[in-house]
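Letter by letter, the chains look like this.
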Amino acid sequence: MAMLPKIGVLLPQSKQFKTLDRDFIRGLKLPSLEVSYRIESISLGADERLIIDKMQKLHYQEEVSIIIGFFGHHKLSDVFEYASNHDILLIASDLGANLPYQLPTLKGVYCNSYGLHESSYLLGKFLQQREYKSIVSSSSYYDAGYGFLDALTQAFEENKTSFSGHYITPFLPRETETQLMLEDIESYKPEVICAFHSGLYTQEHTRFLNENKLLEKYPYYLSAFCFDSELENEANKDHLFVVGSWLGNENCSTTTSEGATNFEFITNYHENHSELPTVFSLLGYESGLIIKALLENTPQNTPTPLLIATMNRLHVAGPRGTIRFDPETQRTNFDHYIYTVCKSDTDLPCLIKTETLTNTGNFIKKIINMPAPLKAGGWQNAYLCH
């Protein structure tokens, strides 16, 4: 009896999003591949030595040559270099919370990102096209430690503009935080507000918005993790928007091949797990589709160089469109969207694509060739792993 192909999986843990690892694995296993998974924990995704140790174990002890990893950004180049130097085919998934300044493109290393950085950059370009002059950001102390504002700033600098102001909720909100938020943001006389919050900070932010009624006064563009179902009372408004490359509660159209693939993913996931897929489920599922196509096009025990050649030719239908890796960056490249909030037949909020933010991939190509700016602070943990 032939042994099943072995696939290594490296996963972080999160106290904020407790089901991150579970959702990723559920998505990964949804294509029902005849493989054997070897799963290792990498804690918060910030310790490159731990990640490399786990890769070494998988490669030599478990004889695994294909590894899927859900990573952050801290010293990721060390991880990539280890994989490339040891003939490991590495498929790295991330949320794209930080810009990949000078991250090397190496043989056998491929990245599939949710693209939060690209969402922010493309939103900045969109707002410039709408000729907004006064743009204010709202963020938590946690989310502000990542690269969202950096990506927006990149878009603004290309048009020689800048933010009018920033509001950052402190770690311990003050008793009058709702009113302070209102006064601070209104002091900048904004035309539009961009909000970046996640997890508990999203719930906190939603409560402030429901109390100070800022959503009744200004257009609000939310990052993918900033939308909370408690904002459903705003569903009939025309100034609440969410930006992302994919959202699990979007209103899926089946009139296109892309829409049909997405509808199939969401439907199958719900049938199997009685809940909608998350972004983590999506990244796991896309990894599963990549592995499925790779194994279908190569015989078992194919040497890594031939696996790499197959990866370079890969074109797979996925929920976000065709999954393929840009030959220059070895990263996936998907369009992003602006969603408006609506009411569904179930009285739960759903999201409809109303604007397409075409992604040429040039932004990430530029960032990869740029030195990282000198700045104090920032987090090392993989985004949402804290």
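Refer to the structure printed above.
The residue numbering used here restarts from 1 in each chain and proceeds along that chain's sequence as written. Note on the predicted model: pLDDT of at least 70 is required for a residue's local features to be given, and 80 or more for side-chain atom pairs to be given and counted; whole-chain, interface and lining totals, by contrast, use all residues. Hydrogens are left out, water is left out, and the side-chain values use all remaining heavy atoms of the structure.

## Some points on the sheet that holds strand β4 (residues 89-94)
Two strands are counted as paired when DSSP detects at least two bridges linking them. We count a stretch as a helix when DSSP gives it H or I for four or more residues in a row; a strand needs E for two or more, and each element gets its number in order from the N terminus. The five strands are arranged β2-β1-β3-β4-β5 in an open sheet whose pairing can be described as parallel. Looking at strand neighbours, the two that pair on one side only are β2 (36-41) and β5 (109-113), the edges of this open sheet. Neighbouring strand axes in the sheet, compared pairwise and without regard to direction, differ in orientation by 20° on average. Two elements, strand β1 (residues 6-11) and strand β3 (residues 66-70), share three bridges in a ladder whose sense is parallel. The residue bridging G8 from the neighbouring strand is I67, located in β3. Axis geometry follows a simple rule: fit a line to the C-alpha atoms, using only the stretch in contact for helices, then measure angles between N-to-C directions, giving values from 0 to 180 degrees.

## Here we look at empty space enclosed by the protein
Empty space left among the atoms is revealed by rolling a probe the size of a water molecule over them. Cavity: a set of points on a 1 Å grid over the protein atoms alone where a 1.4 Å probe fits but cannot get out. Pocket: an open set with protein on both sides within 12 Å along at least five of seven lines, its lining residues, like those of a cavity, having an atom within 4 Å of a point. Grid points are joined across faces, edges and corners, and a volume is the space filled by probe spheres set on the points. By the definition in use, this model includes three cavities of 30 Å³ or more. Size it by volume and the largest cavity reaches roughly 110 Å³. Of all the elements in the fold, those that place two or more residues in the lining of the largest cavity are β5, α4 (116-129) and α11 (362-368). For the lining of the largest cavity, the class distribution of residues is two nonpolar, seven polar and four charged. Classification convention: Asp, Glu, Lys, Arg as charged; Ala, Val, Leu, Ile, Met, Phe, Trp, Tyr, Cys, Pro as nonpolar; all other residues, Gly among them, as polar.

## Observations regarding the nonpolar core
Side chains of nonpolar character tend, in soluble globular proteins, to be buried together. If you look at the biggest cluster of nonpolar residues, it comprises 104 residues, and the most contacted ones within it are L95, Y114, Y220 and Y383. With 10 residues, helix α9 (residues 279-296) is the largest single contributor of residues to this core. Contact definition: two residues touch when any of their heavy atoms are within 4.5 Å. The contacts of L95, once residues within four sequence positions are left out, are F70, S113, Y114, G115, L116, F225, V279, F280, L283, Y383 and L384. Among the nonpolar cores identified, the runner-up in size contains 20 residues, and M55, A83, I88 and L103 belong to it. Residue types Ala, Val, Leu, Ile, Met, Phe, Trp, Tyr and Cys, when buried and joined through side-chain atoms within 4.5 Å, form a set referred to as a nonpolar core. With a 1.4 Å probe rolled over the protein chains alone, any residue whose accessible area is under 20% of its type maximum counts as buried; one over 50% counts as exposed, and the rest are partly exposed.

## A look at the pairing of β1
Extensive coverage of β1 is indicated by the burial of five of its six residues. Pairing geometry for β1 and β2, over six bridges, is parallel. Paired with I7 across the two strands is Y37, which belongs to β2. Orient the strands so they point away from the viewer, and a crossover whose first-strand-to-second-strand path over the helix runs clockwise is right-handed. Assessed by its sense of winding, the connection that carries the chain from β1 through helix α1 (residues 20-29) to β2 is right-handed.

## Considering unusual backbone geometry
The phi dihedral of K160 is positive, around 55°, even though this residue is not glycine. Structurally, K160 is set in the loop between α5 (148-158) and β7 (165-169). Judged by its relative accessible area of 76%, K160 falls in the exposed class. In this model, Q330 sits at a positive phi of 55°, which is unusual for a non-glycine residue.

These values are about where atoms sit, not about what they do.
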